[in-house]
Amino acid sequence: FQERLATRLNESFAKFQVDEERRLSDPLNFGNGNDLLRLAEEKIEDSDCLSPEQIREIVTLVEKAVERGAGKNPDCLLANCHSLAFIYRAINEPKQAVFYEHKAAELEHARLMSRGSSYDLVKTGEGMLASAQEMTPETVKQILTLIERAFEKGVGEKYNLRAKAHKVLAQVYGRTKE
């Protein structure tokens with residue numbers, strides 16, 4: 001039994017090494033979605049001015065990356081949304097870029113709500129407030145949700161966090177006149 005197990009493990013490991021080498025040497029045919037996004041980013045960074053042919057090639061890479069499931073875990077998905085936004089901006093497709101930027105913001109917000117510390121929540125709320133040119137109902141709701149979650153997790157006096165949280169709330173209410 002021990003010999004058969006060792007043989008099987010060695011065979012599996014050898015197959016894994018061959019598959020990994022193939023994936024890295026020819027990502028277009030054997031790579032996963034993350035490999036294809038990385039390849040698309042490299043093509044953009046290597047070129048000063050993208051030709052129509054290069055743009056079509058990059059779009060094809062991005063489409064294949066999405067088909068192959070670029071980033072199935074939330075952290076990879078967040079990174080890939082940023083990558084896709086970068087790629088679409090580089091190839092002058094602003095609607096797609098905005099879509100992926102918005103998706104990245106949603107994922108970041110969800111990650112913060114589930115795993116962020118009260119400090120991270122308050123700092124993100126401050127940042128959203130500072131960058132908001134106008135206070136839309138959606139922006140107000142996001143900021144208030146972040147601050148409420150921070151209070152639920154426990155906002156202490158360390159880093160003057162309680163004062164900062166109250167300041168964000170006061171500024172939101174002041175800018176919305178509510």
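Keep in mind it's a predicted model, so treat the numbers as computed, not measured.

A. Inspection of a nonpolar patch on the surface at higher detail. On the surface, F1, L5 and L9 cluster together to form a nonpolar patch covering roughly 370 Å² of accessible area. Mapped onto the fold, L9 is located in helix α1 (residues 2-25).

B. Representation of the packing of helix α3 (residues 33-46) against helix α4 (residues 52-67) within the structure. The interhelical angle for the contact between α3 and α4, taken along N-to-C directions, is 160°, at an axis separation of 8 Å. Here α4 runs roughly antiparallel to α3, going by the angle between their axes. The two elements α3 and α4 cross, and the hand of that crossing is left-handed. Contact residues: α3 offers G33, L36, L37, L39, A40, K43 and I44, while α4 offers E57, I58, L61, V62, K64 and A65. Classifying every residue of the contact of α3 with α4 by side-chain character gives 9 nonpolar, 1 polar and 3 charged.

C. Quick look at the layout of surface pockets. Approximately 170 Å³ is the volume found for the largest pocket. What lines the largest pocket is simply G127, M128, S131, A132, Q133, E134, T136, T139 and Q142. Those elements that place two or more of their residues in the lining of the largest pocket are α7 (118-131) and α8 (137-153). In terms of residue count, α7 provides more of the lining of the largest pocket than any other element does, 3 residues in total. Class assignment of the residues belonging to the lining of the largest pocket gives a composition of 2 nonpolar, 6 polar and 1 charged.

D. Geometry of the environment of E126. Within the secondary structure, E126 sits in helix α7. Separated by 41 residues in the primary sequence, E126 and K167 have C-alpha atoms spaced 8.9 Å apart.

Conventions used here
- Residues numbered from 1 in each chain as written.
- Predicted model: local features only at pLDDT ≥ 70, side-chain atom pairs only at ≥ 80, totals over all residues.
- Heavy atoms only, no water.
- Patch = residues over 30% accessible without salt bridge, like charges linked within 9 Å, V, L, I, M, F, W, Y side chains within 5 Å.
- Areas by Shrake-Rupley, 256 points an atom, 1.4 Å probe, with all protein chains shown as cover.
- Salt bridge = Lys/Arg side-chain N within 4 Å of Asp/Glu carboxyl O.
- Helix = DSSP H or I, 4+ residues; strand = E, 2+ residues; numbered from the N terminus.
- Axes fitted to C-alpha atoms, helices over the stretch in contact; angles between N-to-C directions.
- Parallel < 35°, antiparallel > 145°, perpendicular 65-115°, else oblique.
- Left-handed = near helix turned anticlockwise from the far one by under 90°.
- Contact = heavy atoms within 4.5 Å.
- Nonpolar A, V, L, I, M, F, W, Y, C, P; charged D, E, K, R; others polar.
- 1 Å grid on protein atoms, 1.4 Å probe; cavity = no way out; pocket = protein on both sides within 12 Å on 5 of 7 lines; lining within 4 Å.
- Points joined across faces, edges and corners; volume = space filled by probe spheres on them.

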